[in-house]
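# Observations on the model geometry
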Amino acid sequence: MTVRVRFAPSPTGYLHIGSARTALFNYLYARHTGGKFLLRIEDTDLARSTEESTRSILDGLDWLELAHDEEIVFQSDNADKHRATAKKLLAEGKAYRDFTPKAEPNDANVKDTIKDRARANQGEKNMRDNPYRALSSEESDARAAAGEPFAIRLKVAAVGKTSFEDAVYGLQERDYTETEDLVLLRSDGHPLYNLAVVCDDIEMAITHVIRGQDHLTNAHKQVLIYEALGVTPPTFAHLPLIMAPNKGKLSKRKHGEVVSMTTYRDAGFLAAAFRNFLALLGWSAGEEKEIYSLEELVQKFSLGGIHRSNAVFNFTENDPRKWTDDKAQWMNAEYIRTMPVGELLPFVKAELKSAKLWREEYEPELRAVTETLPSTAAAGADERPESVVIDLPEHGSYDWFIQTINLIRQRFFTLKDFSSQGRAYFSEDYDFDPAAIEKNLNKFPDLKVWLPELADRFETEFAEKPFSEANIEEGVKAFTEEKGTKLGVIMNGARTLLTGVAVGPSMLSVFEIVGLEGTVTRLRSQLAWRL
RNA sequence: GUCCGGUUCGUCUAGGGGUUAGGACACCGCCCUUUCACGGCGGCAACACGGGUUCAAAUCCCGUACCGGAUACCA
């Protein structure tokens, strides 16, 4: 039988990290088994569901590149079928009408109210004491015909237990006395979650239900409905939860943006890196390896590798450096630094475009995506050259662009860095970091004269000679000796003027990448000095 | 309360009767170096607790503690 799984979010907010992982695991399982990955929007809670939220969830899945098969199912479209199913169970005597007036909704702290009620019922609560359970069908029909409102509840047997084999948590058993006669249909005719899920899963021919562990007890209720319907339940696989650093609930309200997928997209994360990170939160292939391509994840994924214990998504509020999980940040940096540059290029292009730094000269990118480019191969490559600049491509050309990206990405963490820290490589209009000025320029006032002087030297010296690393090094060293200063003073001063920041690749590479003309102009510029 | 689940470095985790308890991130140190958030090398750091079974327990069993989930005419 072909595996069919589904991701079934309720559209009451953006795609958060927990749902994203659930979606990913469903996707991986489907691809691993050659099955189908379906999407169902559980929008039956009219009050809370929004179209905007649906769109945002779709955006998130799209960003993570978790493409679904077949048409999206909107649960609200199936309400009639759900009602029909409830009525069928009623007709068969497997459910009954409950004429108890609907309890007052206490919106305030529903959760607490429920808990208090449950605690109050402790010990002696008989789940089968509903007076309408035993009402004769004649009387029930009569009261319904008279227009008396009623909910439809499933008639759960008095003795016995539900049981199923969870693919993650193993054999799960629950005594009937722990489960009340659950409501299938509200008195206003609105079908309830457990009914809707079972009906839809049957209709969609779902074979494996992979979802959060918070649904474990729902699974028992759903098994009851499957049994009443005479349908074999699917295989359940419940996932451990992702918790906040204090091991409490990770919530949108309390933790805000860190839990939203769009945050990561907007912060310059690569979907591949985030997927990789997510996959390792609650699942492991049982080997000492961290970087997995999507293909490898698909190939190695198994329900058996899913953990039973919750995982903490670790971050520190109010610490800009640790605004999100360290490992996620590292993973992203690792991808940016080591993935084939051809694969990275489209993302860099998008980033530069949005920062208005993209030039048509960089364009012939098709070649890049298909060809393997100079060194810095895939993740796991044994060596990372300090500089990958090999020759002197025309400044601003396509080849120059590739080499520049390859050079600067070695110290980058996100795609955003290409347009912020890397701005000076693509534009003459870049800012100077005051700390860099202080550290590399102000401390050595002589540089105000020396650097323009160096520019003159470069201009004459490289009129004929190629402006290449070896030659530059020779020139700068001679200049340094003449001035009786240290190489670092000149280099770091130049770095600040040329790039605006105090950190970056080897200065020789920077000179070469910026080019003779740019270097000369920037060394002569007094812009930074005025700050 | 009751039911269900969980507990290995700060975090993600490997290991499921005999291991110096492994890796990754983070942190710290050293090296490289013109800078650095790159890279290299190294360090710190964990089996929740108590019983039992066994020649031998992180690993199996029981209990306790703690954490989480569930409890609804929400999804």
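In the block above lies the structure referred to throughout.
Numbering of residues begins from 1 in every chain and follows the order in which that chain's sequence is written. Lettering for chains starts from A, numbering for ligands starts from 1, and both go in the order in which the items are written. Two thresholds apply to this predicted model, a pLDDT of at least 70 for residue-level local features and 80 or more for giving and counting side-chain atom pairs, whereas whole-chain, interface and lining totals are computed over all residues. Only hydrogens and water are removed before side-chain values are computed, so all heavy atoms of the structure are retained for them.

### Details of the packing of aromatic side chains
When the centres of two rings from Phe, Tyr and Trp lie within 6.5 Å, Trp using its six-membered ring, the rings pair. Their planes under 30 degrees apart give stacked, over 60 give edge-to-face, and anything left gives tilted. Counted under the stated rule, the structure contains 29 aromatic pairs. Geometrically, the ring pair formed by F458 and F511 is edge-to-face, given 5.5 Å between the ring centres and 85° between the ring planes. Taken together, the residues F458 in helix 19 (residues 447-461) and F511 in helix 22 (residues 507-524) connect sequence positions 53 residues apart. Given the relative accessible area of 0%, F458 is considered buried. Helix and strand assignments follow DSSP, with helices taken as H or I runs no shorter than four residues and strands as E runs no shorter than two, numbered in order from the N terminus. Any residue under 20% of the maximum accessible area for its type is buried, any over 50% is exposed, and the rest in between are partly exposed; the area is computed with a 1.4 Å probe on protein chains only.

### What to know about the nonpolar core
Buried Ala, Val, Leu, Ile, Met, Phe, Trp, Tyr and Cys residues that are joined via side-chain atoms within 4.5 Å together make up what is termed a nonpolar core. Core analysis: the biggest nonpolar cluster contains 138 residues, and L184, F274, F401, F418, F426, F458 and F511 have the highest contact counts within it. For this core, the element with the highest residue contribution is helix 1 (residues 17-33), accounting for 9 residues. Once residues within four sequence positions are removed from consideration, F274 is found in contact with I17, W63, M261, Y264, F269 and A328. Whether two residues are in contact is decided by their heavy atoms: any pair within 4.5 Å suffices.

### Overview of the packing of helix 21 (residues 487-499) against helix 22
Fitted lines through C-alpha atoms serve as axes, helices being fitted only where they are in contact, and the angles separating the N-to-C directions of these axes extend from 0 to 180 degrees. Remark: helix 21 packs on helix 22, axes separated minimally by 10 Å, with the N-to-C direction vectors making an angle of 70°. Regarding the angle of helix 21 to helix 22, the classification is roughly perpendicular. Between helix 21 and helix 22 the crossing geometry is left-handed. For the pair helix 21 and helix 22, contact is made by M491, A494, R495, L497, L498 and T499 and by M507, L508, V510, F511, V514, T519, R522 and L523, respectively. Classification used: nonpolar for Ala, Val, Leu, Ile, Met, Phe, Trp, Tyr, Cys and Pro, charged for Asp, Glu, Lys and Arg, polar for all others including Gly. Tallied by class, residues from the contact of helix 21 with helix 22 come to 10 nonpolar, 2 polar and 2 charged. By the definition adopted for this analysis, an angle is roughly parallel if under 35 degrees, roughly antiparallel if over 145, roughly perpendicular if from 65 to 115, and oblique otherwise. It is the rotation of the near helix from the far one that decides the hand of a crossing: anticlockwise by less than a right angle makes it left-handed, clockwise makes it right-handed.

### Quick look at the side chain of S53
One can find S53 in helix 2 (residues 51-63). Of the residues examined, S53 reaches a relative accessible area of 5% and is grouped as buried. Within 3.5 Å is the distance limit for a polar contact, defined as a pair of N or O atoms, with the added protein rule that one can donate a hydrogen and the other accept it, and that residues adjacent in sequence qualify only through two side-chain atoms. One polar contact links the side chain of S53 to the main-chain amide nitrogen of T12, over a distance of 3.2 Å. Sequence-distant contacts of S53, defined by excluding residues within four places in its chain, comprise P11, T12 and G13.

### Re the side chain of S397
On the secondary structure map, S397 appears in the loop between helix 14 (365-370) and helix 15 (398-408). Residue S397 is classed as buried on the basis of its relative accessible area, which comes to 16%. Separated by 3.4 Å, the side chain of S397 and the backbone nitrogen of D399 make a polar contact. What S397 contacts, discounting residues up to four positions off in sequence, is E361 and Y362.

### Things to note about empty space enclosed by the protein
Buriedness for pockets is judged along seven lines, at least five of which must meet protein on both sides within 12 Å for an open set on the 1 Å grid over protein atoms alone, while cavities are sets there where a 1.4 Å probe fits but cannot get out, and lining residues have an atom within 4 Å of a point. Grid points are joined across faces, edges and corners, and a volume is the space filled by probe spheres set on the points. One pass over the full model with this rule turns up 1 cavity of 30 Å³ or more. Here the largest cavity defines a volume of roughly 90 Å³. Every residue along the wall of the largest cavity is listed here: I408, R411, F412, Q421, Y425, T499, V501, V503, G504 and P505. A per-class count over the lining of the largest cavity returns 6 nonpolar, 3 polar and 1 charged.

### Thoughts on the layout of surface pockets
Each pocket or cavity is described by its volume, and for the second largest pocket that value is around 420 Å³. For the second largest pocket, the lining is made up of 21 residues, of which A272, S293, Y335, M339 and E343 are closest to its centre. Mapped by element, the contributors of at least two residues to the lining of the second largest pocket are helix 10 (271-279), helix 11 (294-300), helix 12 (326-338) and helix 13 (341-354). A class-by-class count of the residues in the lining of the second largest pocket yields 13 nonpolar, 2 polar and 6 charged.

### Focus on the pattern of salt bridges
Throughout this description, the term salt bridge denotes a Lys or Arg side-chain nitrogen within 4 Å of a carboxyl oxygen of Asp or Glu. Overall, the coordinates contain 36 salt bridges when judged by the stated rule. Its salt-bridge partner being R524, residue E459 comes within 2.5 Å of it at the nearest N-O pair. Residue E459 is found in helix 19, and its partner R524 is found in helix 22; the two are separated by 65 residues along the sequence. Among the ionic contacts, a cluster of salt bridges with common partners joins R6, R40, E42, D200 and D201.

Scope: geometric values only; no functional claims are made or implied.
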